[in-house]
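Descriptive structure summary
The residues making up each chain are set out below.
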Amino acid sequence: MLCLSSFEFPDSDREFDFFLSQKRTCYDSFYPFGVLSRHRFQRVDFAPVTVFYGGNGSGKTTALNIIAEKIGAARDSAFNSSPFFPDYLRCCRFEFERRPENGCRIITSDDVFDYMLNLRALNEGIDMRREELFGEFYEKKHSRFRLNSIADYEELKSHNNARRLTQSKFVRSELMENPRERSNGESAFFYFTEKMEPEDSLYLLDEPENSLSPALQQDLVQLIYDGARYFGCQFILSTHSPFLLALPGAKIYDLDADPVDVKKWTELPNVRTYYDFFKAHEREFTES
């Protein structure tokens, strides 16, 4: 289901008018001015799933951040902004076919990495607490603790646990569950499932394939496909993953083309590179 129907970026003429209006400054960059106009990327007409494809420096992440800021999408991490970002946003135009009931959110690679770093810090804290509990076990097992007030109740429970349990069972009873049971890729995929839960939402995903194995990328493809088809969600993503580019029904903008144009996923150079590589090794697959 379509929420955001179109978005317009300023063309090079409008950007030039902006430059002329500026007094001399000490800035050597007017980012994001000049990034998308370089390949004449001026308008996006969205589908339920729209993909920005391009190599490094093509501007696909910039386009995603511009759209997110202009429509007021929620975000967790800071992005690569500049003093001229508000000026650029004022030059942009967009149109909603309808506002998504559960709002808009952008999920970036930084969000996923921050989440995994937080899990790592949590695990390290759990490891430190585990070492402390080994020492506490012997101390509490042989101590005489008295309940003086209701505030001491939890401490009394801990002493009683030490007396009746083995050391390993005591540590497990006192320690929270360790999140390390998931790999980095599994944690990253879990983050997407948590953030993309509500139906009737608009999600902007910046290179979501980072940290995901090919199998998990295909699981993410299914999550996006189901969200768009059955739960009224719309997705705008930047990627160069062939698995995500092959999303059924996705509308793909090739930001490496000049001017930027809509392409089939099988026409994209990155996908052709994969295809040529596997064709060159086809015999090795058939021989195994």
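Right above here is the structure, for reference.
A brief report on the enclosed structure follows. Since we're looking at a predicted model, the values are computed, not measured. (Residues numbered from 1 in each chain as written. Predicted model: local features only at pLDDT ≥ 70, side-chain atom pairs only at ≥ 80, totals over all residues. Heavy atoms only, no water.)

**Considerations on the overall build of the protein chain**
- When helices and strands are counted, the protein chain shows 11 helices and nine strands.
- A buried classification covers 43% of the 288 residues belonging to the protein chain.
- Put simply, of all contacts in the protein chain between residues at least 6 apart along the chain, 75% involve residues at least 24 apart.
- Carbon and sulfur atoms make up 50% of the accessible area of the protein chain, which totals about 16300 Å². (Helix = DSSP H or I, 4+ residues; strand = E, 2+ residues; numbered from the N terminus. Buried < 20%, exposed > 50% of the residue type's maximum accessible area, 1.4 Å probe, protein only. Contact = heavy atoms within 4.5 Å. Areas by Shrake-Rupley, 256 points an atom, 1.4 Å probe, with all protein chains shown as cover.)

**Quick look at the nonpolar core**
- Within the largest apolar cluster, 36 residues are counted, with the highest numbers of intra-cluster contacts made by F9, F41, F52, I66, I67, I71 and L204.
- Secondary-structure elements contributing two or more residues to this core are β1 (4–8), α2 (60–71), α3 (85–90), β5 (104–107) and β6 (202–206).
- The element that contributes the greatest number of residues to this core is α2, accounting for six residues.
- Those residues in contact with L204 that sit more than four places away from it in its chain are L64, I67, A68, I71, A73, R105, I106, I107 and I236. (Core = buried A, V, L, I, M, F, W, Y, C linked by side-chain atoms within 4.5 Å.)

**Quick notes on the sheet that holds strand β4 (residues 93–96)**
- Taken in spatial order, the three strands make up an open sheet running β2-β1-β4, and their pairing is antiparallel. At either margin of the open sheet sits one strand with a lone partner, and together these are β2 (43–45) and β4. Recorded for the sheet is a direction-independent mean angle of 10 degrees between the axes of neighbouring strands.
- When β1 meets β2, the two strands line up antiparallel, connected through three bridges. The residue of β2 that forms the bridge with E8 is R43.
- Across the sheet, α2 touches β1 and β4, and the angle it forms with β1 is around 115 degrees. (Pairing = 2+ DSSP bridges. Axes fitted to C-alpha atoms, helices over the stretch in contact; angles between N-to-C directions.)

**Observations concerning the sheet that holds strand β8 (residues 251–254)**
- Across the sheet, six strands lie side by side as β5-β6-β7-β3-β8-β9; this open sheet has mixed pairing. Looking at the sheet topology across the chains shown, the edges are occupied by β5 and β9 (261–263). Across the sheet, the axes of successive neighbouring strands diverge by a mean angle of 20 degrees, strand direction being ignored.
- The sheet contact formed by β8 and β9 spans three bridges and is antiparallel. Bridging across to β9, Y253 finds its partner in V262.
- Across the sheet, α2 touches β3 (49–53), β5, β6 and β7 (234–238), and the angle it forms with β6 is around 150 degrees.

**With respect to the environment of I252**
- Along the chain, I252 falls in strand β8.
- Remark: the alpha-carbon pair of I252 and F52, spanning 200 residues in sequence, is separated by 6.0 Å.
- Sequence-distant contacts of I252, that is, excluding residues within four places in its chain, are made with V51, Y53, L245, D261, V262, K263, K264, W265 and L268.

**Side note on the pattern of salt bridges**
- In this structure the tally under the stated criterion is 11 salt bridges.
- In this structure, the salt-bridge partner of E69 is R75, at a minimum N-O distance of 3.0 Å.
- D76 is the partner of K195 in a salt bridge, and the nearest nitrogen-oxygen pair spans 3.2 Å. Within this pair, whereas K195 is found in helix α7 (residues 184–195), its partner D76 is found in the loop between α2 and α3, the two being separated by 119 residues in sequence.
- K195 sits in the partly exposed class, given a relative accessible area of 26%.
- What makes D76 partly exposed here is its relative accessible area of 43%.
- Among the charged side chains, a salt-bridge network with shared partners connects E8, R43 and D45. (Salt bridge = Lys/Arg side-chain N within 4 Å of Asp/Glu carboxyl O.)

**With respect to the environment of F30**
- On the secondary structure map, F30 appears in the loop between α1 (12–21) and β2.
- On the basis of relative accessibility, which here comes to 25%, the residue F30 falls in the partly exposed class.
- Spatially, the C-alpha atom of F30 lies 6.1 Å from that of F84, the residues being 54 residues apart in sequence.

**Observations regarding a nonpolar patch on the surface**
- A contiguous nonpolar patch, built from Y274, F277, F278 and F285 and spanning about 450 Å² of accessible area, is present on the exposed surface.
- Take the nonpolar patch: its biggest share by element is three residues, from helix α10 (residues 269–280).
- Take F285: it is sitting in helix α11 (residues 282–287).
- We classify F285 as exposed; its relative accessible area is 53%. (Patch = residues over 30% accessible without salt bridge, like charges linked within 9 Å, V, L, I, M, F, W, Y side chains within 5 Å.)

**With respect to unusual backbone geometry**
- Here Y31 and P32 are connected by a cis peptide whose omega angle stands at 10 degrees.
- Among the secondary structure elements, P32 is positioned in the loop between α1 and β2.
- The omega angle of the peptide bond from D258 to P259 is 0 degrees, so this bond is cis rather than trans.
- Note on placement: P259 falls in the loop between β8 and β9.
- Phi at D200 is positive, roughly 55 degrees, even though this residue is not glycine.
- As for its placement among the helices and strands, D200 is situated in the loop between α7 and β6.

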